[in-house]
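# Understanding the architecture of this molecule
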Amino acid sequence: MKALEDKNLGNPNDERLQVEAAQQDPARFGELYENNFERVYAYLARRTRDRDEAQDLTSEVFHQALAGLPRYEWRGLPFIAWLLGIAANVLADRWQRAGRVQEVVTDVLEQVGVEDDVERRAMLYQIVDSLPADQRQVILWRFVGQKSLREMAAELGRSEGAIKQLQLRALQNLRERIS
């Protein structure tokens, strides 16, 4: 948390006053935006590796932050911590909607010769969607939702070993369907 404080305003009370001012007058949100834009954008850009998507997501984060500002409660943490929490949720939502499991099979797709990113994503979505329901769920939870084997096992009522085996079969199916 110290790193978050160092990157933000020198005095947390100054930031708190800015937040309170923005809660009273949404036009004052611009100060918070200016102070935190680069950190939110960098966070998203590192995770998306796509400039346009990072810009879109950054816009969505600040839109949600402005909409949620009246409900924001100061708890002594830097404002950026709240913004990064929103960013993580926006990113997870985007990945879930897009069905992104791209990292799992990018190498295989490149070997097959699918170079165009749009074509690759469309192909990947169709292939993942064609998996049996339990395999598809495990792949989405594991690689999109970033859930651990333990979390998935608890939610599905299976052992970690069974989930690991299900994930292995799903990845094998993906490789076979891509080749």
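Residues numbered from 1 in each chain as written. Predicted model: local features only at pLDDT ≥ 70, side-chain atom pairs only at ≥ 80, totals over all residues. Heavy atoms only, no water.

### Focus: the overall build of the protein chain
A tally of regular secondary structure across the protein chain gives ten helices and zero strands. Reading the protein chain from its N end, one meets helices and strands in the order α-α-α-α-α-α-α-α-α-α. Expressed as a percentage of the 179 residues in the protein chain, the buried residues total 36%. Of the contacts formed within the protein chain by residues at least 6 apart in sequence, a portion of 60% connects residues at least 24 apart. Of the roughly 10,700 Å² of accessible surface on the protein chain, 47% is carried by carbon and sulfur atoms. (Helix = DSSP H or I, 4+ residues; strand = E, 2+ residues; numbered from the N terminus. Buried < 20%, exposed > 50% of the residue type's maximum accessible area, 1.4 Å probe, protein only. Contact = heavy atoms within 4.5 Å. Areas by Shrake-Rupley, 256 points an atom, 1.4 Å probe, with all protein chains shown as cover.)

### Notes on the pattern of salt bridges
Inspection of the entire model under this criterion finds six salt bridges. When the shortest N-O distance is used, the salt bridge between Arg 158 and Asp 134 registers 3.9 Å. Remark: Asp 134 occurs in helix H8 (residues 133–144) and Arg 158 occurs in the loop between helix H9 (149–156) and helix H10 (160–178); sequence separation between them is 24 residues. Here Arg 150 and Glu 160 are joined by a salt bridge, their closest N and O atoms 3.4 Å apart. (Salt bridge = Lys/Arg side-chain N within 4 Å of Asp/Glu carboxyl O.)

### Regarding the nonpolar core
Ranked by size, the top nonpolar core spans 24 residues in total, and within it Phe 29, Val 40, Leu 44, Val 61, Leu 69, Phe 79 and Leu 83 carry the most contacts. Put simply, the parts of the chain that give this core at least two residues each are helix H2 (12–24), helix H3 (29–48), helix H4 (51–68) and helix H5 (79–98). By residue number, the principal contributor to this core is H5, which donates nine residues. Discounting residues that sit within four places of it in the chain, Leu 83 has contacts with Asn 36, Val 40, Val 61, Phe 62 and Ala 65. Of all hydrophobic cores here, the second largest spans nine residues; its members include Leu 124, Val 128, Leu 131 and Leu 171. (Core = buried A, V, L, I, M, F, W, Y, C linked by side-chain atoms within 4.5 Å.)

### A word on the packing of H8 against H9
Running from N to C, H8 and H9 point in directions that differ by 140 degrees, and their axes come no closer than 10 Å. The element H8 and its partner H9 pack so that their crossing is right-handed. Across the interface between the two elements, Val 138, Trp 141 and Arg 142 of H8 pack against Leu 149, Met 152, Glu 155 and Leu 156 of H9. (Axes fitted to C-alpha atoms, helices over the stretch in contact; angles between N-to-C directions. Left-handed = near helix turned anticlockwise from the far one by under 90°.)

### Brief notes about the packing of H8 against H10
H10 packs onto H8 with a crossing angle of 100 degrees between their chain directions and a minimal axis gap of 9 Å. Between H8 and H10, the angle falls in the class roughly perpendicular. Residues Asp 134, Gln 135, Val 138, Ile 139, Arg 142 and Phe 143 of H8 lie in contact with H10, whose contacting residues are Ile 163, Leu 166, Gln 167, Arg 169, Ala 170, Leu 171, Asn 173 and Leu 174. Looking at the contact of H8 with H10 residue by residue, the classes come out as eight nonpolar, three polar and three charged. (Parallel < 35°, antiparallel > 145°, perpendicular 65-115°, else oblique. Nonpolar A, V, L, I, M, F, W, Y, C, P; charged D, E, K, R; others polar.)

### Details of the environment of Leu 32
Here Leu 32 is to be found in helix H3. Residues Leu 32 and Leu 66, spaced 34 residues apart in sequence, show a C-alpha to C-alpha distance of 9.9 Å. The contacts of Leu 32, once residues within four sequence positions are left out, are Gln 18, Val 19, Ala 22 and Phe 79.

### Looking at the packing of aromatic side chains
Under the criterion given, the structure shown has eight aromatic pairs. Between Tyr 33 and Phe 37 the ring centres are 5.4 Å apart and the planes differ by 45 degrees, which places this aromatic pair in the tilted class. Here Tyr 33 and its partner Phe 37 are both found in helix H3, four residues apart, which amounts to about one turn of the helix. Of the residues examined, Phe 37 reaches a relative accessible area of 28% and is grouped as partly exposed. (Phe/Tyr/Trp six-rings, centres within 6.5 Å; stacked < 30°, edge-to-face > 60°.)

That is the geometry; function is a separate question.
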